[in-house]
Amino acid sequence: MSDKAVAGGRRRARLTAIIVLLQALVLFGIALSFYAIGWFGKDVRIRTVPVDPRDLLYGDYVTLGYDISRLSPSLWKDTARQPERGQPVYVVLKPGADGIAEPVAAYGSKPALQEGEVVMKGRIDHSWSKEVFVKYGVEKYYVPEGTGKSLEEKANRLIVHMKVAPWGQAKIEGLEERS
């Protein structure tokens, strides 16, 4: 075997090892980002209105609609552009007198925050002159089989506990019934 063939084989083996390593690092990064929300995230409580559908692969889940998903256009602070469908949006939340998070502003890029504020990243689902509708990626909450119906009946009395990471990603920690 010639020296060129051996060198080419080593290069291919090195390239394959680098590709495999990069794929493993991407998967590790995805998993790490999920756990990092729990480590670095701030607690947020949000009012919900659930509906109980069923997923054939995952079982019962509750579809959650949030007060913070319907924003007044007056909260939009990005003067450079108007809210458009599919656009990332950063919604600034601040706890109200009852401890439930309320939107205080929305931006097209991550804003600087004041003390006590949290930013939640979402996507504009659609907007019109009266409201801007936002999806945050936490609209489904999987529950033990058979419990979704009882949650649906408590729809107007539920509060969601979330952890929101400094970069805006959120995950649901649990549900509570408010009194």
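Residues numbered from 1 in each chain as written. Predicted model: local features only at pLDDT ≥ 70, side-chain atom pairs only at ≥ 80, totals over all residues. Heavy atoms only, no water.

K.L.:
Would you mind showing me how to read the overall build of the protein here?
P.N.:
A count of helical and extended segments in the protein gives two helices and eleven strands. Listing each helix as α and each strand as β along the protein from the N terminus yields α-β-β-β-β-β-β-β-β-β-α-β-β. Looking at the protein as a whole, 36% of its 179 residues are labelled buried. Considering only residue pairs separated by 6 or more positions, the protein has 62% of its internal contacts joining residues 24 or more positions apart. With the model as given, the accessible surface of the protein reaches about 11300 Å², and the carbon-plus-sulfur share is 57%. (Helix = DSSP H or I, 4+ residues; strand = E, 2+ residues; numbered from the N terminus. Buried < 20%, exposed > 50% of the residue type's maximum accessible area, 1.4 Å probe, protein only. Contact = heavy atoms within 4.5 Å. Areas by Shrake-Rupley, 256 points an atom, 1.4 Å probe, with all protein chains shown as cover.)

K.L.:
Before we go on, may I ask you to explain the environment of Asp-60 in this structure?
P.N.:
As for its placement among the helices and strands, Asp-60 is situated in strand 3 (residues 59-66). In sequence terms Asp-60 and Pro-144 are 84 residues apart; their C-alpha atoms lie 6.5 Å from each other.

K.L.:
Can you help me understand the nonpolar core in this one?
P.N.:
One broad rule of soluble globular proteins: the nonpolar side chains tend to lie buried together. Core analysis: the biggest nonpolar cluster contains 29 residues, and Ile-46, Tyr-66, Leu-93, Met-120, Val-138 and Met-162 have the highest contact counts within it. Listed by contribution, the elements that provide at least two residues to this core are strand 1 (42-51), strand 3, strand 5 (88-95), strand 6 (101-107), strand 7 (118-127), strand 8 (132-135), strand 10 (158-164) and strand 11 (170-177). A per-element tally of this core places strand 10 first, with four residues. Discounting residues that sit within four places of it in the chain, Met-162 has contacts with Lys-42, Asp-43, Val-44, Ile-46, Tyr-66, Met-120, Val-138, Ala-170, Lys-171, Ile-172 and Glu-173. (Core = buried A, V, L, I, M, F, W, Y, C linked by side-chain atoms within 4.5 Å.)

K.L.:
I'm lost on the sheet that holds strand 7 in this one. Help?
P.N.:
Sheet strands pair via backbone hydrogen bonds, and the direction of the pair is either parallel or antiparallel. The sheet built from five strands is open, its strands ordered 4-8-7-5-6 with antiparallel pairing. Since the sheet does not close on itself, it has two edges, and those belong to strand 4 (70-71) and strand 6, each with one partner. The sheet contact formed by strand 5 and strand 6 spans six bridges and is antiparallel. Paired with Leu-93 across the two strands is Pro-103, which belongs to strand 6. (Pairing = 2+ DSSP bridges.)

K.L.:
What exactly am I supposed to notice about a nonpolar patch on the surface here?
P.N.:
A contiguous nonpolar surface patch, about 820 Å² in accessible area, is contributed by Phe-28, Leu-32, Phe-34, Tyr-35, Trp-39, Phe-40 and Trp-167. Its location among the elements puts Phe-34 in helix 1 (residues 3-40). (Patch = residues over 30% accessible without salt bridge, like charges linked within 9 Å, V, L, I, M, F, W, Y side chains within 5 Å. Salt bridge = Lys/Arg side-chain N within 4 Å of Asp/Glu carboxyl O.)

K.L.:
Could you clarify how one ought to interpret the packing of aromatic side chains in this entry?
P.N.:
Two aromatic rings, taken as a pair, are described by how far apart their centres are and by the angle between their planes. Evaluated as defined, the whole model comprises one aromatic pair. Pairing Tyr-35 with Trp-39 gives two aromatic rings, centres 6.4 Å apart and planes at 25 degrees, and the pair type is stacked. Here the residue Tyr-35 and the residue Trp-39 both occupy positions in helix 1, the gap between them amounting to four residues, near one helical turn. With a relative accessible area of 56%, Trp-39 lands in the exposed category. (Phe/Tyr/Trp six-rings, centres within 6.5 Å; stacked < 30°, edge-to-face > 60°.)

K.L.:
It is not clear to me how the pairing of strand 5 should be interpreted in this structure. Could you clarify?
P.N.:
The two faces of the sheet receive side chains in turn, since in a regular strand these alternate between them. Relative to strand 7, strand 5 runs antiparallel, the two being bridged by six bridges. Looking at strand 7, one finds that Pro-88 is bridged to Arg-123.

K.L.:
Would you take a moment to explain the side chain of Glu-131 for this structure?
P.N.:
Locating Glu-131 in the fold gives a position in the loop between strand 7 and strand 8. Accessibility expressed as a relative area gives 19% for Glu-131, which makes it buried. Within the local environment of Glu-131, its side chain forms a polar contact with the side chain of Arg-70, the two groups lying 2.9 Å apart. Aside from chain neighbours lying at most four places away, what touches Glu-131 is Arg-70, Leu-71 and Pro-73. (Polar contact = N/O pair within 3.5 Å; in protein donor to acceptor, adjacent residues only side chain to side chain.)

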